[in-house]
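Report on the structure
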Amino acid sequence: MGNTPLAFDEMMNADQGPRQPYENYHDWYEGQDRARLIAKSRDAENLFRKTGITFAVYGHEDSSEKLIPFDIIPRIISGREWRRLAQGIEQRVIALNAFLDDIYHKQEIIKAGRIPRELIERNEAFLPQMIGFKPPGGVYTHIVGTDIVRTGEDQFYVLEDNARTPSGVSYMLENRETMMQMFPELFHINKVRPVEDYPKLLRQSLASLAPPGCSGKPRVAVLTPGIFNSAYYEHAFLADMMGVELVEGSDLRVVDGKVKMRTTRGYEAIDVLYRRVDDDFLDPLTFRPDSALGIPGIMDVYRAGNITIANAPGTGISDDKAIYSYMPEIVEFYTGRKAMLENVPTWRCSEEDSLKYVLEHLEELVVKEVHGSGGYGMLVGPTASKKECAAFAEKLKARPANYIAQPTLSLSTVPILVNKGIAPRHVDLRPYVLVSDKVQIIPGGLTRVALKEGSLVVNSSQGGGTKDTWVLED
């Protein structure tokens, strides 16, 4: 699917004038020397290289660490558009938390027949260890990254709810810092809402949910799987920006019913652990016994109310792709109102009629693995060969419940800087949400952009880039 005229252009109107949010930026851009912008673009790349912002790419022999390409043309969202998005995101996050609380307690939504029991109980992301346990403050998803795509002036869809360990926030912060450094004048002519207080808000939000047994100022730490993890840069960056310890499983042990960290003064208790380690690896005594990344016994400490784990174990069931297709019902069930943000229409291949439809229309659909992430194990029908479609059809027939399918949406475009000027490329957006006794949505988020012409795949692991996202004050 090439870059069809069907795609909604966020910067330019059909008559080639700028859309309202871009007016000031467009006037500025028109007065710029192209060679200067190309040079600035190179400066930005050097800045990122110097800071060491990289991520590991799996399956690339050439290098394990790659620089995510950064594009210097911002994505600009008006105050009005943002308010609508923020209300929809807040509603969704509140529903996700209520859903998690319900399925680990009374399971009213199952009793009401809105969600099939086996979809929850047979799901590997559902943790029986969490049944009957309420995390501190009743919060399951402390940090959520909601992926949103746009197809028109007022058409936004949620692509997925990342409620486990959403990554990418370091890029949001670095992208903004880079833009402010390179184009300070742009921030004088545009009233852009700040994102740079995210680390402070994250720390406050986490500390406010310290366990009941915590006395004095809560001690927060970030748990990383270690230096070989693809998001290690971000773990270190966030710990540093929050002014908290970055720890690995081997730095921690359970002593006297508390999780304690090795320090020069002996072992000291940790109250809140922002973990970037998957459930499976969190506690070798409860989950995978071969895990060297976790802390033996942490689940006992957690259940005894002596530590807060963010996000709570077992939250993965709420962003599972099979559950995703039920999100409109979930939102309505817990908030009593229709979802303000729509889901992308989804066929569940586990259902016979849906499977039949998907097999007959493979070449126009996107098929995803229910537990997959990052664009792996998926088929993009419109760009796949007949041979690839046929091979994928066999996989589908063998394990239908493993897949869902969605139409290929015409994602909106934002221009990127290319040697001959600007060219439209497809984008998505991941705003970051902090949940404590309130829901805080950072005004902006991470815009990911497909750098290949016509490509709809924006994942950095698949060659996408990022942009700074501006939310304007009204």
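Before any of the text, the structure's been laid out above.
Values in this document were obtained by computation on a predicted structure and should not be read as measured data.

When helices and strands are counted, the chain shows 14 helices and 23 strands. Here the C-alpha coordinates of the chain stretch approximately 65 × 55 × 50 Å along the principal axes. The 474 residues of the chain split such that 55% are buried. Averaging the locations of the 55 positively and 65 negatively charged side chains of the chain gives two centres separated by 2 Å.

Time to look at helix α12 (residues 327-335). The complete set of buried residues in α12 reads Met327, Ile330 and Val331. Projection of α12 onto a plane perpendicular to its axis shows the buried side chains occupying an angular sector of 95°, all on one side. In this structure, the buried residues of α12 make contact with α3 (79-103), α4 (108-111), β5 (155-162), α11 (321-324) and β13 (342-343). After α12 finishes, the residue glycine 336 shows a positive phi value of roughly 75°.

Across its 14 residues, helix α6 (residues 169-182) extends 20 Å between first and last C-alpha, which sits within 8% of the 20 Å expected from 1.5 Å per residue. Of all 14 residues in α6, 11 are buried, a share of seventy percent or more. What α6 keeps buried is the set Val169, Ser170, Tyr171, Met172, Leu173, Glu174, Asn175, Arg176, Thr178, Met179 and Met182.

What follows deals with the packing of aromatic side chains. Within this structure, the stated rule accounts for 15 aromatic pairs. Here tyrosine 25 and tryptophan 28 contribute two aromatic rings whose centre-to-centre distance is 5.4 Å and whose plane-to-plane angle is 40°, an arrangement assigned as tilted. Here the residue tyrosine 25 and the residue tryptophan 28 both occupy positions in helix α1 (residues 23-30), the gap between them amounting to 3 residues, near one helical turn. The buried category is assigned to tryptophan 28, whose relative accessible area is 10%. Ring plane angle 0° and centroid distance 5.0 Å describe the contact between tyrosine 104 and phenylalanine 126, whose orientation is recorded as stacked. Here phenylalanine 126 lies in the loop between α5 (117-121) and β4 (143-152) and tyrosine 104 lies in the loop between α3 and α4, a separation of 22 residues in the sequence. No difference in accessibility class separates tyrosine 104 from phenylalanine 126, as the two residues are buried. Among the aromatic residues, those joined into a ring-pair cluster are Tyr25, Trp28, Tyr29, Phe183, Phe187 and Trp470. Over the ring of phenylalanine 183 we find lysine 40; its NZ or CZ atom is 5.5 Å from the centre of that ring. Just above the ring of tyrosine 326 sits the side chain of arginine 348; from NZ or CZ to the centre is 3.7 Å.

Take the layout of surface pockets next. Within this model, the second largest pocket holds a volume of roughly 440 Å³. In this structure, the second largest pocket is lined by 21 residues; those nearest its centre are Leu119, Ala322, Val370, Ala401 and Asn402. When residues of the lining of the second largest pocket are traced back to their parent elements, those giving at least two are α5 and β17 (403-407). Residues of the lining of the second largest pocket, tallied by class, amount to 10 nonpolar, 4 polar and 7 charged. Viewed by domain, the lining of the second largest pocket spans two of them, domain 1 (4-193 + 318-342 + 410-471) and domain 3 (345-407), each represented by three or more residues.

Definitions and limits used
- Residues numbered from 1 in each chain as written.
- Predicted model: local features only at pLDDT ≥ 70, side-chain atom pairs only at ≥ 80, totals over all residues.
- Heavy atoms only, no water.
- Helix = DSSP H or I, 4+ residues; strand = E, 2+ residues; numbered from the N terminus.
- Buried < 20%, exposed > 50% of the residue type's maximum accessible area, 1.4 Å probe, protein only.
- Lys, Arg positive; Asp, Glu negative; His and termini not counted.
- Charge placed at Lys NZ, Arg CZ, Asp CG, Glu CD.
- Arc of directions from axis to C-beta.
- Contact = heavy atoms within 4.5 Å.
- Expected span 1.5 Å × (residues − 1).
- Phe/Tyr/Trp six-rings, centres within 6.5 Å; stacked < 30°, edge-to-face > 60°.
- Lys NZ or Arg CZ within 6 Å of the ring centre and 35° of its normal.
- 1 Å grid on protein atoms, 1.4 Å probe; cavity = no way out; pocket = protein on both sides within 12 Å on 5 of 7 lines; lining within 4 Å.
- Points joined across faces, edges and corners; volume = space filled by probe spheres on them.
- Nonpolar A, V, L, I, M, F, W, Y, C, P; charged D, E, K, R; others polar.
- Domains from an automatic or database assignment.

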